[in-house]
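# Architecture and fold: a report
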Amino acid sequence: MNFLRGVMGGQSAGPQHTEAETIQKLCDRVASSTLLDDRRNAVRALKSLSKKYRLEVGIQAMEHLIHVLQTDRSDSEIIGYALDTLYNIISNDEEEEVEENSTRQSEDLGSQFTEIFIKQQENVTLLLSLLEEFDFHVRWPGVKLLTSLLKQLGPQVQQIILVSPMGVSRLMDLLADSREVIRNDGVLLLQALTRSNGAIQKIVAFENAFERLLDIITEEGNSDGGIVVEDCLILLQNLLKNNNSNQNFFKEGSYIQSMKPWFEVGDENSGWSAQKVTNLHLMLQLIRVLVSPTNPPGATSSCQKAMFQCGLLQQLCTILMATGVPADILTETINTVSEVIRGYQVNQDYFASVNAPSNPPRPAIVVLLMSMVNERQPFVLRCAVLYCFQCFLYKNQKGQGEIVSTLLPSTIDATGNSVSAGQLLCGGLFSTDSLSNWCAAVALAHALQENATQKEQLLRVQLATSIGNPPVSLLQQCTNILSQGDKIDRRGSKIQTRVGLLMLLCTWLSNCPIAVTHFLHNSANVPFLTGQIAENLGEEEQLVQGLCALLLGITIYFNDNSLESYMKEKLKQLIEKRIGKENFIEKLGFISKHELYSRASQKPQPNFPSPEYMIFDHEFTKLVKELEGVITKAIYKSSEEDKKEEEVKKTLEQHDSIVTHYKNMIREQDLQLEELKQQISTLKCQNEQLQTAVTQQASQIQQHKDQYNLLKVQLGKDNPHQGSYNDGAQMNGIQPEEIGRLQEEIEELKSNQELLQSQLAEKDSLIENLRSTQTSPGTNEQSSVTASARDSEQIAELKQELVTLKSQLNSQSLEITKLQTEKQELLQKTEAFVKSVPVPGESEAGMATETTDVEGRLSALLQETKELKVEEEDELESGDQDDEDEENEDDGKDQDDI
């Protein structure tokens with residue numbers, strides 16, 4: 001400071017020391033001094049001079065200051081002075097601009113010095129590296145200097161930072177700085193960095209910028225916060241506006257839900273500071289960025305869905321119906337709600353159910369329409385309400401039907417206690433305020449947009465014009481007012497009412513032949529239109545002529561020739577005769593050539609600087625673009641071409657009906673396929689469940705088998721009699737077969753025994769016969785010899801048979817003995833098995849019963865066999881005795897003969 005005082009003192013003491021010389025000496029000290037303190041003092045002096053003598057310091061000292069940044073990084077104080085000096089040279093502060101001769105000269109200086117600084121890209125990279133220093137005296141001036149560079153030459157500096165390694169990431173660390181002044185200036189730096197650069201916007205977003213900024217807004221108090229909240233909201237808008245990638249990332253990150261607390265403002269009349277109004281305005285604009293009609297439809301609908309699900313739309317509707325809300329916030333809230341519900345059926349249905357907190361409650365739509373047709377309301381508010389009504393009806397046939405139904409005779413409240421939306425629109429349509437006429441006509445046209453059903457329904461509307469006169473249709477009343485022109489004294493634009501009514505009629509009659517027929521039924525309408533088109537009026541009236549030409553062209557193009565006096569060919573002849581085809585086409589072209597037409601065609605929102613500019617509606621410009629060419633062709637077509645076109649139309653209609661039929665069939669088949677797919681998926685799930693159950697049961701069975709085998713092994717080790725148990729268990733498995741075999745063998749033995757008994761009976765009878773023959777007297781010797789020889793042969797045969805029978809009996813006795821042994825073994829094993837099993841089952845009881853039966857049969861068989869044996873022995877003994885007697889008798893006879 002002493003050095004600076006000396007310099008300044010010397011400068012004031014004598015005129016020989018000019019500012020340039022002083023600055024030159026300071027620069028020499030910075031460049032040549034070996035002591036760090038001297039260089040630091042010189043840089044500090046340059047800093048103090050840099051604001052007043054910006055040009056001189058910039059020209060002479062910039063190079064030396066950059067050198068200081070490169071060589072003296074170890075000393076934070078001199079680095080801070082150098083950065084401050086460079087900031088003073090480059091920035092364009094307002095105070096400085098006042099002191100300069102001209103603002104332009106000051107701006108040129110800033111951009112020129114910026115260009116010199118960034119000419120060497122290493123300077124920007126050096127500045128980025130200095131921002132990594134935590135020292136406050138280095139980091140803060142570095143942030144301010146880089147922000148100033150971005151403000152001067154943003155695109156060039158952005159490109160250098162973009163190609164610098166980790167350049168953007170270094171700057172993102174500023175948001176995490178605990179020192180608020182650096183954090184807040186970091187937000188301003190990122191604002192300048194992300195302006196109009198999609199690549200940097202994406203990098204910043206993926207560096208977790210959304211979460212950090214939302215945390216800062218919450219810490220600062222949301223809408224009640226200060227200017228820091230405003231800066232964060234501007235940065236969020238930079239990141240999201242026209243950047244589909246960041247919008248999707250914002251939605252997918254569930255950051256929309258974090259916006260709901262911003263709008264919990266309540267009904268208090270106090271607390272609406274200027275900063276709060278600004279913050280809320282930016283918050284509403286941020287929501288509109290996410291649901292803007294210019295965004296891709298899929299992205300917009302997904303954001304609309306998220307806003308309804310998290311309750312954000314409900315919160316906005318609460319503000320909409322609240323009291324004490326400032327007019328500009330209310331207007332922006334209406335615009336925001338409009339775009340949140342636009343084209344999304346769920347949100348539109350919810351908005352239709354919202355009621356204002358009045359007594360009795362009224363639908364929010366009715367309350368808003370009351371503001372729209374009230375000429376005492378601010379113009380911007382009325383435009384916002386119209387936009388809200390248009391968005392509510394956009395692609396909403398259900399809503400269109402509800403609005404039109406309020407005009408039909410069956411739904412009008414006869415008591416007059418409540419006002420409907422249709423009544424408000426009719427009231428605005430026929431009021432003496434031209435702006436209300438225009439707004440009501442456009443609103444009613446949107447209720448008919450792309451909806452042929454409601455166009456036909458609106459033909460039923462009847463209006464009571466005056467007492468004693470019959471009611472007039474709405475269509476006829478519109479044409480009556482149109483024909484009156486400027487005869488009625490209206491407030492506002494002269495042509496606004498007629499333009500509004502002509503747009504309504506064009507929308508109503510397009511694509512609706514029935515409405516065209518109703519319009520042509522009034523014989524005064526066509527002469528009025530031809531008269532308007534044929535006149536040579538002023539420039540202001542040319543637009544009305546063009547709209548009349550469009551309406552007349554619609555009556556030709558959509559004419560179904562049901563009225564003989566106004567068929568297509570006759571109307572074209574009328575145009576050629578009274579107007580001229582070329583003149584007609586020229587007047588039709590006045591619409592698209594109008595200066596306000598292109599402005600209205602850009603955005604759906606009716607945003608006009610003043611009521612005089614409110615001429616065209618956005619949707620109507622689409623209709624003009626669609627119909628202008630086809631009407632021109634229709635005017636020049638001949639009758640033969642018309643007939644061909646009619647045939648083509650009929651063919652197309654037939655094809656359309658066929659296509660519709662097949663579409664319905666395909667839709668039904670798709671539904672059936674979906675049902676079948678669901679059934680298949682259900683059956684697959686059931687099959688998988690059953691397979692899982694089977695697998696589980698199989699594993700359980702295997703486990704039980706393993707446990708059973710393990711128990712058998714354990715019982716074999718623990719029980720010494722387990723062998724007999726195992727035998728019994730094994731016999732239990734084969735016992736029925738063995739018993740069956742035994743039964744078969746017993747049956748065979750019985751049959752053999754019966755056979756033997758029959759043979760024995762035969763033998764007994766034979767023996768008896770022999771005895772009787774032996775005892776008979778009076779036989780001669782020859783016969784006795786013959787008989788004795790025959791008897792001897794028979795006795796030999798009988799002896800042979802007896803031997804055979806004995807052998808058979810012996811073999812059967814052996815088999816019976818063997819069977820008895822097997823029976824005993826079976827009985828022993830069965831008894832051992834029964835003893836080893838404490839609770840026998842039904843199979844074991846049945847087995848014991850069968851064994852008892854077999855035992856009984858065997859006992860009976862044995863008894864019978866014993867009896868047979870006894871009888872055979874007796875018979876054999878008696879047979880032997882008879883033989884001996886016969887032999888003795890024969891011997892006696894021989895002796896007698898001798």
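All of these numbers come straight from a predicted model, not from anything done at the bench.

A few words on the side chain of Asn222. Positionally, Asn222 belongs in the loop between helix 14 (209-219) and helix 15 (227-240). For Asn222, a relative accessible area of 15% translates into the label buried.

Glancing now at empty space enclosed by the protein. To find the voids left in a structure, one rolls a probe of water-molecule size over its atoms. Applying the stated criterion to the full structure yields seven cavities of 30 Å³ or more. Put simply, the second largest cavity is a space of about 50 Å³. Every residue along the wall of the second largest cavity is listed here: Ala441, Val442, Ala445, His446, Gln449, Gly500, Met503, Leu504, Thr507, Asp617 and Phe620. For the lining of the second largest cavity, the secondary-structure elements that each account for two or more residues are helix 26 (434-446) and helix 29 (496-509). Among the residues forming the lining of the second largest cavity, the class breakdown is six nonpolar, four polar and one charged.

This part covers the packing of aromatic side chains. Under the counting rule described, the total for this entry stands at twelve aromatic pairs. Here Phe210 and Phe249 contribute two aromatic rings whose centre-to-centre distance is 5.9 Å and whose plane-to-plane angle is 35°, an arrangement assigned as tilted. Pair noted here: Phe210 is in helix 14 and Phe249 is in helix 16 (residues 244-252), with a separation of 39 residues, a long-range link. Residues Phe308 and Tyr350 carry aromatic rings whose centres are separated by 5.8 Å and whose planes lie at 65° to one another, so their mutual orientation is edge-to-face. Taken as a pair, Phe308 in helix 18 (residues 297-309) and Tyr350 in helix 21 (residues 345-353) lie far apart in primary sequence, 42 residues in all. Residue Tyr350 is classed as partly exposed on the basis of its relative accessible area, which comes to 23%.

Time to look at the environment of Leu504. Its location among the elements puts Leu504 in helix 29. Residue Leu504 is classed as buried on the basis of its relative accessible area, which comes to 0%. Setting aside residues up to four positions removed in sequence, Leu504 forms contacts with Leu429, Ala441, Leu444, Ala445, Leu448 and Cys478.

Attention now moves to unusual backbone geometry. With an omega of -5°, the peptide bond running from Asn359 to Pro360 counts as cis. For Pro360, the location among the structural elements is in the loop between strand 1 (355-356) and strand 2 (362-363). Positive phi values are uncommon outside glycine, yet Asn561 reaches one of about 60°. With respect to the helices, strands and loops of the structure, Asn561 is situated in the loop between helix 32 (539-557) and helix 33 (568-578).

What counts, and at which threshold
Residues numbered from 1 in each chain as written. Predicted model: local features only at pLDDT ≥ 70, side-chain atom pairs only at ≥ 80, totals over all residues. Heavy atoms only, no water. Helix = DSSP H or I, 4+ residues; strand = E, 2+ residues; numbered from the N terminus. Buried < 20%, exposed > 50% of the residue type's maximum accessible area, 1.4 Å probe, protein only. 1 Å grid on protein atoms, 1.4 Å probe; cavity = no way out; pocket = protein on both sides within 12 Å on 5 of 7 lines; lining within 4 Å. Points joined across faces, edges and corners; volume = space filled by probe spheres on them. Nonpolar A, V, L, I, M, F, W, Y, C, P; charged D, E, K, R; others polar. Phe/Tyr/Trp six-rings, centres within 6.5 Å; stacked < 30°, edge-to-face > 60°. Contact = heavy atoms within 4.5 Å.

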